[in-house]
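# Report on the structure
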Amino acid sequence: MPKKNKESLESNSKSITAASMEGKLKEKLESTGIAFLCLAVSKNSSSPISSLSGLVGMVCLILTLRMAHKSLACKLKARTELKNKSWKMSKKNSTSAENLLEMINDSNQTVHPDFENAEMKMVDITNNNITEQSTMYHYQKRKHLYLEDQDINLKAELEKCQKKTTEEKVVKQQSNAKKVDNRVDKVYTIGCFDLFHFGHVQLINRMRELGKKVIVGVHDSRSIYKLKKRVPVDSTEKRMMNVKTVADEVFCIAGCDPSNFMSCIVNLGKNETALYVRGDDMPDFPSREVVESLMPIKLLPYTEGVSTTKLRKENYSHIAPDDEEYLDKIN
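Summarised in this report is the structure supplied together with it. (Residues numbered from 1 in each chain as written. Predicted model: local features only at pLDDT ≥ 70, side-chain atom pairs only at ≥ 80, totals over all residues. Heavy atoms only, no water.)

## What about the overall build of the protein?
The condition is simple: Going along the chain from the N terminus, every DSSP run of H or I of four or more residues is numbered as a helix, and every run of E of two or more is numbered as a strand. Relative accessibility decides the category of a residue: with a 1.4 Å probe and only protein chains considered, values under 20% of the type maximum give buried, values over 50% give exposed, and everything between is partly exposed. Contact criterion: two residues are considered in contact whenever any of their non-hydrogen atoms come within 4.5 Å of each other. Areas reported as accessible are Shrake-Rupley estimates using a 1.4 Å probe. Residue values count occlusion only from the protein chains shown.
Helix and strand counts for the protein stand at 10 helices and seven strands. Put simply, the protein has 331 residues, and 25% of those count as buried. For the protein, contacts bridging at least 24 residues in sequence account for 64% of all contacts bridging at least 6. As displayed, the protein has an accessible area near 24000 Å², and 55% of this comes from carbon and sulfur atoms.

## Quick notes on helix α4 (residues 198-210)
What sets the pattern is the α-helix's 3.6 residues per turn: residues three or four places apart point alike. We apply this condition: Multiply 1.5 Å by the residue count of a helix minus one, and that product is the helix's expected span. Regarding the arc, it is the one traced by the directions from the helix axis to the C-beta atoms.
In this model, α4 (13 residues) spans 19 Å end to end at C-alpha, consistent with the 18 Å of a helix rising 1.5 Å per residue. Among all positions of α4, only G199, H200, L203, I204 and M207 are buried. Relative to the axis of α4, the buried residues are bounded by an arc of 135 degrees and lie together on one face. Along α4, the residues that are exposed and aim more than 90 degrees away from the buried face are F198 and E209. In this structure, the buried side of α4 is in contact with β3 (184-191), β4 (211-219), α6 (236-244), β6 (274-279), β7 (297-300) and α9 (308-315).

## Some thoughts on the nonpolar core
For clarity, the threshold we go by: What makes a nonpolar core is a set of buried Ala, Val, Leu, Ile, Met, Phe, Trp, Tyr and Cys residues whose side-chain atoms join them at distances within 4.5 Å.
Ranked by size, the top nonpolar core spans 14 residues in total, and within it V187, I204, M207, V214, V216, V243 and V277 carry the most contacts. Mapped onto this core, the elements with two or more residues apiece are β3, α4, β4 and β6. Once residues within four sequence positions are removed from consideration, V214 is found in contact with V187, I204, M207, R208, A247, D248 and E249. Listed in part, the 12 residues of the second largest apolar core include Y188, I190, I215 and M262.

## A closer look at the pattern of salt bridges
For side chains bearing opposite charge, pairing can occur when the charged atoms are close. Definition in use: Definition used for salt bridges: Asp or Glu carboxyl oxygen within 4 Å of a side-chain nitrogen of Lys or Arg.
Across all of its chains, the model carries eight salt bridges by this definition. The residue D248 makes a salt bridge to R208 at a minimum N-O spacing of 2.7 Å. Of this pair, D248 sits in the loop between α6 and β5 (249-253) while R208 sits in helix α4, placing them 40 residues apart in sequence. You can call R208 partly exposed: its relative accessible area is 27%. A salt bridge links R222 to D328; the nearest nitrogen and oxygen atoms lie 2.3 Å apart. With a gap of 106 residues between them, R222 in helix α5 (residues 221-228) and D328 in helix α10 (residues 324-330) connect regions that are remote in the sequence.

## What to know about α6
Those residues of α6 lying buried are T236, R239 and V243. Viewed end-on, α6 has its buried residues packed into an arc of 70 degrees, placing them on one side of the element. Those residues of α6 that are exposed and angled more than 90 degrees off the buried face are E237 and M241. In this structure, the buried side of α6 is in contact with α4, β4, α5, β5 and α10.

## Re the sheet that holds β7
The criterion, for reference: Here, a strand pair is defined by DSSP locating no fewer than two bridges between the strands. Convention adopted: a line fitted to C-alpha atoms gives each axis, helices being fitted over their contacting stretch, and angles between N-to-C directions are expressed from 0 to 180 degrees.
Judged by pairing direction, the sheet is parallel, and its five strands sit side by side in the order β5-β4-β3-β6-β7 without closing on themselves. Looking at strand neighbours, the two that pair on one side only are β5 and β7, the edges of this open sheet. With strand direction ignored, the average angle separating the axes of adjacent strands in the sheet is 25 degrees. Note that β3 and β4 share seven bridges and pair parallel. From the neighbouring strand, K186 faces β4, where its bridge partner is K213.

## Considerations on unusual backbone geometry
Positive phi values are uncommon outside glycine, yet K229 reaches one of about 60 degrees. The class for K229 is exposed, based on a relative accessible area of 64%. Of note, the phi angle at N271 is positive, near 65 degrees, even though the residue is not glycine. By relative accessible area, N271 is classed as exposed at 70%.

Printed below as a string of structure tokens:
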């Protein structure tokens, strides 16, 4: 904190303390004077001032009046000084405004081809009150937004931006043209998908990388029982719904030989391409001859570490492979 401000704060603090002490002293004197006068009246009601108590009371009251007069005089003096200070500040501001106007008038004497004459109305601020003046002051303002020596050609800049935008569009189109989708239009597979697991999901995701539309056939429960000599754990409906979460289309194979089902499902339009995907754990799958006549076949690597057989032994060993009652229940 600056030394001057610190001294000012200390002075104000001392003034406040002195005023507080003076007020308390005045109250004490006043109450003491009244008390002594009351005591004098009680002893000698006809002439209380003649007694010592009466004299002490009168002295206390006179001192009280004297201190009150002095305090009032100090307040009036401070108010007068504050008023004089405000008047000096307003006069100083007025003088600064006049100096500014003189500077503006002096600058207006200089003639420049890029400027033109203009006028404005000034206002005067006195004691936080804004007073509008009737006098109009003349000055010079710039004719154009840009100076001629800056040599800014807006038309050329605009053409440059348009050319850059066009070039960026061409580059983007060329980049998009290079990203050709080489996938076939439709990719097919058929399976049981019992106890739907990570290996099934990975197979269908690989199919998605090879074809734009993934179509999966799911065997019903009885055809699985005939093919694998064991009843499935999940129902046909549940297995189809599990596959649908990652495939585009799902259809049911209600038989051991899916040849006729594939012939009905596969419906390729003009110039449409297709691919049949199968895990390499069973290359000689049912209906292979029919599928080969409709589309190429691609065998994908088998996912190690997970299988329906392993999950069934670990969690569903209580379901007998030949439990036909369970089969009737889930089919």
